[in-house]
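If you want the building blocks of each chain, they are given just below.
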Amino acid sequence: MPKHFSIKPQRWRPWVNTLARAVSQRLLPSDCLMCGMSHSAALCDACMSDLVGSDTSRCIRCGLKMMSSVHTDTLCGACRSEPPAFDQTIVVADYAPPIDSLVQDLKFRAQLPLASAFGGLLIRAAGSSLQAADVLLPVPLSHERLEQRGFNQALEIARPLARAWNMPLILDSCVRTRNTRAQAELPLTQRRVNMRGAFAVRDRRVIENQHVVIVDDVMTTGHTLQELGACLKRHGAARISNLVLTRTPTR
Ligand SMILES: [Zn+2]
Ligand SMILES: [Zn+2]
């Protein structure tokens, strides 16, 4: 084979596999992934409602679950003593069974139909509170991670929001500049350092004086969203709301 045709298989194989999976998932009839009942979407309505669970009192700023005894207090201690760069966080559910394994099904087993179900949950959780926002920003993946996975799960769950709210998605104007180690692999003390300088804004015009809604699948310590939020504020974003599918119950 001539040299210029030798594209390394590992470069295109993940993309082809993801595309093939997406096509077959769209064409074949599916059952609800949780209860197995026949349903046209990845999750039936009853299971969607079960995933949200009961009302939980959360810090309005960072989404941290709070003790019910202090539910009148809308900010957690950490946000009061050191306010984060973002202004608000809306969380659908705790990162706990059964939604945690569904998140992994989307991310690591490319169950892409779950993305529209998750988008639906985010739309329900936000209600009418974010419809006056300006732009949606799915947390960017590094080039390497995107190539390996074949898709950005945050972008996939943000697409239904963009359609429902007729809101533009920021795709290339904000990027992850380096392939940070997965936060989950690191001790808590190193996570903030790991994220430092991880994001860059390439075109500040898309966020300047805008209310930006950052979309992500899992929030743990909040260091990723803090770093991204700080980067956006430095580049002139007026307000930042995090809209996340799941959050670990403790920091
Ligand atoms: Zn179901
Ligand atoms: Zn808080």
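Our subject in this report is the structure included herewith. Given the structure is predicted, the values throughout are model-derived calculations rather than measurements.

### Some points on the coordination of the zinc ion (ligand 2)
Distances from the zinc ion (ligand 2) to its protein donors, Cys59 (SG), Cys62 (SG), Cys76 (SG) and Cys79 (SG), fall at 2.3 Å. Taken together, the 4 donor atoms surrounding the zinc ion (ligand 2) define angles of 106 to 115° at the centre, an arrangement classified as tetrahedral. All donors of the zinc ion (ligand 2) belong to a single chain; written as a sequence motif, their spacing is C-x2-C-x13-C-x2-C. Of this pair, cysteine 59 sits in the loop between helix H2 (45–52) and helix H3 (77–81) while cysteine 79 sits in helix H3, placing them 20 residues apart in sequence. Like cysteine 79, cysteine 59 is buried.

### Observations concerning the sheet that holds strand E5 (residues 211–219)
With respect to topology, 4 strands assemble into an open sheet ordered E1-E6-E5-E2, the strand pairing being parallel. Each having just a single partner strand, strand E1 (88–94) and strand E2 (135–138) make up the two edges of the open sheet. Taking the axes of each pair of neighbouring strands and ignoring which way they run, one obtains an average angle of 20° across the sheet. Here E2 pairs with E5 via 4 bridges, running parallel. Paired with leucine 136 across the strands is valine 213, a residue of E5.

### Looking at the coordination of the zinc ion (ligand 1)
Surrounding the zinc ion (ligand 1) are the protein donor atoms Cys32 (SG), Cys35 (SG), Cys44 (SG) and Cys47 (SG), which sit 2.3 to 2.4 Å from the metal. For the zinc ion (ligand 1), the 4 donor atoms are set out with angles of 102 to 118° between them, so the coordination reads as tetrahedral. Each donor residue of the zinc ion (ligand 1) lies on the same chain, and together they follow the pattern C-x2-C-x8-C-x2-C. Here cysteine 47 lies in helix H2 and cysteine 32 lies in the loop between helix H1 (9–27) and H2, a separation of 15 residues in the sequence. Cysteine 32 gets classed as buried once you look at its relative accessible area, which sits at 3%. With a relative accessible area of 7%, cysteine 47 lands in the buried category.

### Remarks on the packing of helix H5 (residues 113–126) against helix H7 (residues 153–165)
At a minimum axis separation of 7 Å, H5 and H7 run at an interaxial angle of 55°. It follows that H5 is oblique to H7 by the angle criterion. Crossing geometry of H5 relative to H7 is assigned as right-handed. Along the contact surface, H5 presents Ala115, Ser116, Phe118, Gly119, Leu122, Ile123 and Ala126, while H7 presents Glu156, Ile157, Pro160, Leu161, Ala164 and Trp165.

### As for unusual backbone geometry
Between proline 97 and proline 98 the backbone carries a cis peptide bond, its omega angle lying at 0°. As for its position among the elements, proline 98 is in the loop between E1 and helix H4 (99–109). Unlike most non-glycine residues, alanine 110 shows phi in positive territory, near 50°. Its relative accessible area of 4% is what places alanine 110 among the buried residues. Of note in the backbone geometry, asparagine 209 takes a positive phi value of approximately 60° without being a glycine.

### Side note on the pairing of E1
Most of E1 sits out of view: 7 of its 7 residues are buried. In this sheet, strand E6 (residues 239–247) lies alongside E1 in parallel orientation, the contact comprising 6 bridges. When the sheet's bridge partners are listed, threonine 89 is paired in E6 with asparagine 242.

### Digging into the nonpolar core
Formed by 38 residues in total, the largest nonpolar core has its most connected members in Phe118 and Leu243. Of all elements in the fold, only H2, E1, H4, H5, H7, E5 and E6 reach the threshold of two or more residues within this core. Element by element, the count of residues in this core is highest for H5, at 7 residues. Setting aside residues no more than four positions away along its own chain, leucine 243 makes contact with Ile90, Leu122, Ala126, Leu130, Leu161, Trp165, Val213, Ile214, Val215 and Asp216. Grouped together as the second largest cluster of nonpolar side chains are 28 residues, Met66, Met195, Leu225 and Ile240 included.

Thresholds, definitions, all that
Residues numbered from 1 in each chain as written. Chains lettered and ligands numbered in written order. Predicted model: local features only at pLDDT ≥ 70, side-chain atom pairs only at ≥ 80, totals over all residues. Heavy atoms only, no water. Donors = N, O, S within 2.8 Å, 3.2 Å for Na, K, Ca; no water. Tetrahedral: all angles 85-135°; square planar, octahedral: opposite > 155°, others 65-115°. Helix = DSSP H or I, 4+ residues; strand = E, 2+ residues; numbered from the N terminus. Buried < 20%, exposed > 50% of the residue type's maximum accessible area, 1.4 Å probe, protein only. Pairing = 2+ DSSP bridges. Axes fitted to C-alpha atoms, helices over the stretch in contact; angles between N-to-C directions. Parallel < 35°, antiparallel > 145°, perpendicular 65-115°, else oblique. Left-handed = near helix turned anticlockwise from the far one by under 90°. Contact = heavy atoms within 4.5 Å. Core = buried A, V, L, I, M, F, W, Y, C linked by side-chain atoms within 4.5 Å.

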